[in-house]
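Geometric and topological summary
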2 protein chains.
Amino acid sequence: MATLATEHCVACQKGAPRVTPEEIELLLPQIPGWTLVDDERGNRLERSYRFGNFMEALAFTKRVGRLAERAGHHPSILTEWGRVQVTWTTRKIHGLHRNDFIMAARTDRLFKLQDTAARD
Amino acid sequence: MATLATEHCVACQKGAPRVTPEEIELLLPQIPGWTLVDDERGNRLERSYRFGNFMEALAFTKRVGRLAERAGHHPSILTEWGRVQVTWTTRKIHGLHRNDFIMAARTDRLFKLQDTAARD
């Protein structure tokens, strides 16, 4: 089965369909660790990653940023000492598109790769 | 007169003095553009910088990160498409130290340099 992380972002225009509650129910279990936040700022996916210091956190921010730029879909990235919080949402539709779940899965893949590289 | 941006961060331990309200009154006008936020998360300094795209914002985040690492004092940096929000506070004392004002001024200096370089 193709996983979310291997799917590609598609260009998203105003009026593109948000994911339905039924789709969310299927997609969310595929990205464990991510929280669906729903408040006045709109639906979004959030996850924090932990690191041993500031520069490791910053390195991850850079990698997520480059991934985002290549995909043409950009998250909010909060960088702190030992922590990076990534938030995916689609502003054009004020909510969640399938792209956001794909990018969340690809962010996880990036984290696992960095983590593996650090242990080698 | 020496400016805040030319001062250096000093090592800050638990129990170090927070800036007093009188000091804040003198320091805040030296960093126009920064907002003093005071809520349940404690006193902090916040400023947003605007950029023309995501990669310029990310480049600024990297530069602020390197500045922070050299100084041994680390902010929260929120990176988004076209915007970077920087927050300075001193967790060890749950509030603001003179270091935070120094680093705010040095963040501004970094932004001005990047802005000047972009225009050249």
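The shown structure was predicted, so the numbers you read here are calculated from the model rather than taken from an experiment.

Thresholds applied
- Residues numbered from 1 in each chain as written.
- Chains lettered and ligands numbered in written order.
- Predicted model: local features only at pLDDT ≥ 70, side-chain atom pairs only at ≥ 80, totals over all residues.
- Heavy atoms only, no water.
- Contact = heavy atoms within 4.5 Å.
- Buried area = accessible area lost by both parts, 1.4 Å probe.
- Salt bridge = Lys/Arg side-chain N within 4 Å of Asp/Glu carboxyl O.
- Polar contact = N/O pair within 3.5 Å; in protein donor to acceptor, adjacent residues only side chain to side chain.
- Helix = DSSP H or I, 4+ residues; strand = E, 2+ residues; numbered from the N terminus.
- Nonpolar A, V, L, I, M, F, W, Y, C, P; charged D, E, K, R; others polar.
- Pairing = 2+ DSSP bridges.
- Expected span 1.5 Å × (residues − 1).
- Buried < 20%, exposed > 50% of the residue type's maximum accessible area, 1.4 Å probe, protein only.
- Axes fitted to C-alpha atoms, helices over the stretch in contact; angles between N-to-C directions.
- Parallel < 35°, antiparallel > 145°, perpendicular 65-115°, else oblique.
- pLDDT = per-residue confidence, 0-100.

The interface of chain A with chain B comprises 18 residues on the first partner and 18 residues on the second. Between chain A and chain B lies a buried interface of about 1500 Å² when both sides are counted; carbon and sulfur atoms form 69% of it. At the boundary of chain A and chain B, one finds two salt bridges. A salt bridge links Arg91(B) to Glu80(A); the shortest N-O distance between them is 3.5 Å. For the interface between chain A and chain B, the tally reads six residue pairs in polar contact (both at pLDDT 80 or more). Secondary-structure elements contributing two or more residues to the side of chain A that touches chain B are helix H2 (54–71) and strand S3 (76–80) of chain A. Sorting elements by how many residues they give to the side of chain A that touches chain B places H2(A) first, with nine residues. Of the residues assigned to the side of chain A that touches chain B, the class counts are eight nonpolar, five polar and five charged. In the sheet, S3(A) pairs with strand S3 (residues 76–80) of chain B via three bridges, with the strands oriented antiparallel.

Let's shift gears to H2(A). Residues and elements named next belong to chain A. Compared with the 26 Å implied by 1.5 Å per residue over 18 residues, the 26 Å span of H2 between its first and last C-alpha is a close match. Taken residue by residue, H2 has Phe-54, Ala-57, Leu-58, Phe-60, Thr-61, Val-64, Gly-65, Leu-67 and Ala-68 as its buried positions. Between the side-chain oxygen of the N-cap and the backbone nitrogen of Met-55 there are 3.1 Å, and the N-cap of H2 in question is Asn-53. Where H2 terminates, the next one or two residues include Gly-72, which has phi positive at roughly 70°.

Another aspect to go through is the pairing of strand S1 (residues 35–39) of chain A. Residues and elements named next belong to chain A. As paired strands, S1 and strand S2 (residues 42–50) are joined by five bridges and run antiparallel to one another. Bridged to Leu-36 within S2 is Leu-45. Joining the antiparallel neighbours S1 and S2 is a turn of two residues.

It is worth spelling out the packing of H2(A) against helix H2 (residues 54–71) of chain B at this point. Interaxial distance between H2(A) and H2(B) falls to 11 Å at its minimum, and their mutual angle equals 175°. Classified by the interaxial angle, the pair formed by H2(A) and H2(B) is roughly antiparallel. Contacts from Phe54(A), Met55(A), Leu58(A), Thr61(A), Lys62(A), Gly65(A), Arg66(A), Ala68(A) and Glu69(A) of H2(A) reach H2(B) at Phe54(B), Met55(B), Leu58(B), Thr61(B), Lys62(B), Gly65(B), Arg66(B), Ala68(B) and Glu69(B). Within the contact of H2(A) with H2(B), the residues separate by chemical class into eight nonpolar, four polar and six charged.

So, on to the confidence of the model for chain A. Taken residue by residue, chain A gives an average pLDDT of 92. The fraction at 70 or more is 93%. The ipTM, which scores confidence in the relative placement of chains, is 0.92 for this predicted complex, and the corresponding pTM is 0.92.

Our next topic: the side chain of Glu80(B). Among the structural elements, Glu80(B) can be located in strand S3. A distance of 2.9 Å separates polar atoms of two side chains, one belonging to Glu80(B) and the other to Ser76(A). In this structure, Glu80(B) is in contact with Pro75(A), Ser76(A), Arg91(A), Phe54(B) and Ala57(B), ignoring residues within four places of it in sequence.

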